[in-house]
Amino acid sequence: MKSILKTLAIVMTLAFTAVSCSSDNDDKGGSNSRDVKYEITGNYTGTLSTTYFEKGGNALNEDITKLPWTKEFTADAKSIGASLSASGYGGTPGQTLTGKIYIGGKLENELTATANSDGIIVLPLTPYVFPQ
């Protein structure tokens, strides 16, 4: 079950990235910051893992053992964007997770997910694409 959820998270991250368009994320502030902060908070108590793009633009999978969870870095020039998803099983129905992507200190994306009747939760944030 755990490997299925991890595979699902990776596939969803890659699918969202493939359909994203850089024009959807125009940087109105004039900043071309590549400072990325991912944050996951909530009251979910089941087994949880996250998939995210690291500073080189590669997708990494990491088990989350404690909430809140954060990851901060400066993305390399070759990285095309920032992406975050999380999934879990074994929680209580109704428990929640909130994921956030910050770029240059500005909140660019936020999503809250709720565990279903089986205690499974999936949190797929829309990726942020760096301005070209």
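Residues numbered from 1 in each chain as written. Predicted model: local features only at pLDDT ≥ 70, side-chain atom pairs only at ≥ 80, totals over all residues. Heavy atoms only, no water.

### A closer look at the pairing of strand 2 (residues 47–53)
By the criterion of burial, strand 2 is predominantly enclosed, with six of the seven residues buried. Note that strand 2 and strand 6 (residues 84–89) share six bridges and pair antiparallel. Pairing of Leu-48 across the sheet is with Gly-88, part of strand 6. In this structure, strand 2 lies alongside strand 3 (residues 59–64), joined through six bridges in antiparallel fashion. The partner of Ser-49 across the bridge, within strand 3, is Asp-63. (Buried < 20%, exposed > 50% of the residue type's maximum accessible area, 1.4 Å probe, protein only. Helix = DSSP H or I, 4+ residues; strand = E, 2+ residues; numbered from the N terminus. Pairing = 2+ DSSP bridges.)

### With respect to the side chain of Asn-109
Structurally, Asn-109 is set in strand 8 (residues 106–114). Here Thr-126 takes part through its backbone oxygen, which lies 2.5 Å from a polar atom of the side chain of Asn-109. Those residues in contact with Asn-109 that lie beyond four places of it in its chain are Gly-99, Lys-100, Ile-101, Leu-125 and Thr-126. (Polar contact = N/O pair within 3.5 Å; in protein donor to acceptor, adjacent residues only side chain to side chain. Contact = heavy atoms within 4.5 Å.)

### Brief notes about unusual backbone geometry
A cis amide bond links Leu-67 with the next residue in sequence, Pro-68, at an omega value of 0°. Relative to the helices and strands, Pro-68 resides in the loop between strand 3 and strand 4 (69–74).

Geometric values such as these leave the question of function open.
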